Amino acid sequence: MIIPKNNRLTSDEIAGITAIVGAFGCRIQPIVGDVRTVYAILGDERDELMINRLEGLEFVDRVDTIQSPHKLMDIKSALASHRVKIGGITLGEELLIMAGPCTIDPANPNYFYETAHAVKEAGAHALRGGVWKPRTNPYAFQGDRRSLDILMEGSRRTGLPVDTEVMDEEQLRLALDAGVRILQVGARNALNYSLLRQIGRAVAGTPTAVLLKRGMHTGTLNEFISAAEYIVNFGNPNVMLCPRGTQPALDGYRNHPDESITPLLKERTWAPVVVDPSHSVGKAVYVPACALAAVAYGADGLCIEAHLNPSQGLGDDPKQAVTPAALAELIIRAKAVHALRRSGSSATVTAS
Ligand code: PEP
Ligand code: MN
């Protein structure tokens, strides 16, 4: 819908607009009002270049689009019946719990193995563990290739699938060759389309899933969903959206917790939402409340940093990893909230 600056467009202006939209297979239809006339765009109005050209016209006030910009991810798309399955859990039916340390310590593999057993015992369905680490400070520990073997050994010992972040094509190849079942795209790479493209191509037609974190800046929901669509577009719909807090931080928390966007995502897209409360709040003591809030808001799963002995961990673990005991209690409560939500009122039914 084109809203002109003046009450109506002149015939020259209409000719200019008709030429622009015509190049994209569209036409315009005036909707004449008592005071002003607006112009509906008939046809597929999703082309960003067309919108940019229209918005660039000095006699156009704004352009409102009503079609979803993401055809594949739309809640009404043919993929809406697709279900992502991880570790025996069908997302959307049962609550998925992924847990494990922020960063695997290559010098102390037993920490990972013991943590892996402990989080399984606590009720986790998948393990997380950072092999390669994006850091706020580039001189901080950036991970170690040897940790990939430790990650996979933890997977073998527990029988749980593993999630790890990849940041480039080499890491992607190594992770897939090793048998990583869930690839994580981190907040710092959320809009790195060349990485998303490489991942999309590499996982096309495989059961591998992708956990796509939300970018750290307060990006729009459409931007988040469109990034997911870019992966799905290559032929693998096993993508999970992961709100993880945005910047600027809320004073006292590491980020601005954003689990409350879950119902908005679920209204627009069929993709499951797996919230990361750990990076959202950044302190272990606040993680359970954020996790429960996420489930109440409609999350299909949680990805939680947990460590057998957080103070001895690397990366984020000393400040934000919960212990296996805290995780076990959190899971019991999160499942209770999940059950309550699913038994729910009409208000929560739309979000589940
Ligand atoms: C992580 O999961 O450890 C991590 C670095 O996450 P994010 O990309 O959300 O900061
Ligand atoms: Mn972390």
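To be clear, the structure that these remarks concern was listed above.
The rules behind each value
- Residues numbered from 1 in each chain as written.
- Chains lettered and ligands numbered in written order.
- Predicted model: local features only at pLDDT ≥ 70, side-chain atom pairs only at ≥ 80, totals over all residues.
- Heavy atoms only, no water.
- Near = heavy atom within 4 Å.
- Polar contact = N/O pair within 3.5 Å; in protein donor to acceptor, adjacent residues only side chain to side chain.
- Areas by Shrake-Rupley, 256 points an atom, 1.4 Å probe, with all protein chains shown as cover.
- Nonpolar A, V, L, I, M, F, W, Y, C, P; charged D, E, K, R; others polar.
- Salt bridge = Lys/Arg side-chain N within 4 Å of Asp/Glu carboxyl O.
- Helix = DSSP H or I, 4+ residues; strand = E, 2+ residues; numbered from the N terminus.
- Donors = N, O, S within 2.8 Å, 3.2 Å for Na, K, Ca; no water.
- Buried < 20%, exposed > 50% of the residue type's maximum accessible area, 1.4 Å probe, protein only.
- Phe/Tyr/Trp six-rings, centres within 6.5 Å; stacked < 30°, edge-to-face > 60°.
- Lys NZ or Arg CZ within 6 Å of the ring centre and 35° of its normal.
- Patch = residues over 30% accessible without salt bridge, like charges linked within 9 Å, V, L, I, M, F, W, Y side chains within 5 Å.
- 1 Å grid on protein atoms, 1.4 Å probe; cavity = no way out; pocket = protein on both sides within 12 Å on 5 of 7 lines; lining within 4 Å.
- Points joined across faces, edges and corners; volume = space filled by probe spheres on them.
- Lys, Arg positive; Asp, Glu negative; His and termini not counted.
- Contact = heavy atoms within 4.5 Å.

Q: Explain the site of ligand 1 to me, using residue names and the numbers behind them.
A: Contacts to ligand 1 come from 13 residues, most closely from Arg-128, Lys-133, Ala-187, Lys-213 and Arg-244. Lys-213 has a polar side-chain atom sitting 2.8 Å from an oxygen atom of ligand 1. In this structure, Glu-305 approaches ligand 1 through a side-chain N or O atom, which is 3.1 Å from an oxygen atom. For ligand 1, whose unbound accessible area comes to 290 Å², protein coverage reaches 98%. Partitioned by chemical class, the residues of the shell around ligand 1 number three nonpolar, three polar and seven charged.

Q: Just give me the short version of the pattern of salt bridges, but keep the residues and values in it.
A: Per the stated rule, a full pass over the model turns up 15 salt bridges. Residue Asp-149 pairs with Arg-145 through a salt bridge whose shortest N-O separation is 3.8 Å. Here Glu-153 makes a salt bridge to Arg-157, at a shortest N to O gap of 2.9 Å. Of the two residues, Glu-153 and Arg-157 both sit in helix α4 (residues 146-158), four residues apart, roughly one turn of that helix.

Q: Lay out unusual backbone geometry with the relevant residues and their values.
A: With glycine set apart, most residues show a phi of negative sign, and most peptide bonds adopt trans. In this chain, Gln-247 is followed by Pro-248 through a cis amide linkage whose omega measures 0 degrees. One can find Pro-248 in the loop between β12 (239-242) and α8 (262-268).

Q: Pulling in residues and values, what's your account of the coordination of the manganese ion (ligand 2)?
A: For the manganese ion (ligand 2), the full set of protein donor atoms is Cys-102 (SG), His-279 (NE2), Glu-305 (OE) and Asp-316 (OD), at a range of 2.2 to 2.5 Å. All donors of the manganese ion (ligand 2) come from a single chain, and their spacing in sequence reads C-x176-H-x25-E-x10-D. In this pair, Glu-305 is assigned in strand β14 (residues 301-305) and Asp-316 in the loop between β14 and α11 (317-320), connecting sequence segments eleven residues apart. Neither Glu-305 nor Asp-316 differs from the other in exposure class; each is buried.

Q: Before we move on, could you go through the packing of aromatic side chains and cite the residues and values that matter?
A: Geometrically, a pair of aromatic rings is defined through the distance of the ring centres and the angle of the planes. With the rule as written, the count across this model stands at three aromatic pairs. Ring geometry for Tyr-193 versus Tyr-230: centroids 5.8 Å apart, planes at 90 degrees, classification edge-to-face. You can see Tyr-193 sitting in helix α6 (residues 193-203) and its partner Tyr-230 sitting in helix α7 (residues 221-232), a full 37 residues away along the chain. Residue classification places Tyr-193 among the partly exposed residues on the basis of a relative accessible area of 39%. With a centroid separation of 5.6 Å and an interplanar angle of 65 degrees, the aromatic rings of Tyr-230 and Phe-234 are classed as edge-to-face. The class of Phe-234 is partly exposed, set by a relative accessible area of 25%. Linked through ring pairs, Tyr-193, Tyr-230 and Phe-234 together constitute an aromatic cluster. Of note, Arg-157 hangs over the ring of Tyr-113, and the distance from its end group to the ring centre comes to 3.9 Å.

Q: Could you give me a rundown of a nonpolar patch on the surface, with the residues and numbers involved?
A: Residues Leu-250, Tyr-253, Val-285 and Tyr-286 make up a contiguous nonpolar surface patch of about 350 Å² in total accessible area. Within the secondary structure layout, Tyr-286 lies in the loop between α9 (277-281) and α10 (287-296).

Q: How would you sum up empty space enclosed by the protein? Please name residues and give values.
A: A full pass over the atoms with the stated rule returns three cavities of 30 Å³ or more. Quantified by volume, the largest cavity comes out at close to 70 Å³. Lining the largest cavity, in full, are Ala-190, Leu-191, Leu-212, Lys-213, Arg-214, Gly-215, His-217, Gly-219, Thr-220, Glu-223, Phe-224 and Ala-227. Among the secondary structure elements, those contributing two or more residues to the lining of the largest cavity are β11 (209-213) and α7. Broken down by element, the lining of the largest cavity gets its largest block of residues, three residues, from α7. Looking at the lining of the largest cavity residue by residue, the classes come out as five nonpolar, four polar and three charged.

Q: How would you explain the side chain of Asp-74 if you had to name every residue and give the values?
A: Tracing the backbone shows Asp-74 in the loop between β4 (60-63) and β5 (85-86). Here Asp-74 is buried and forms no salt bridge, its nearest opposite-charge partner Lys-76 lying at an N-O distance of 4.6 Å. A polar side-chain atom of Asp-74 sits 2.8 Å from the main-chain amide nitrogen of Lys-76. Aside from chain neighbours lying at most four places away, what touches Asp-74 is Ser-68, Arg-268, Thr-269 and Trp-270.

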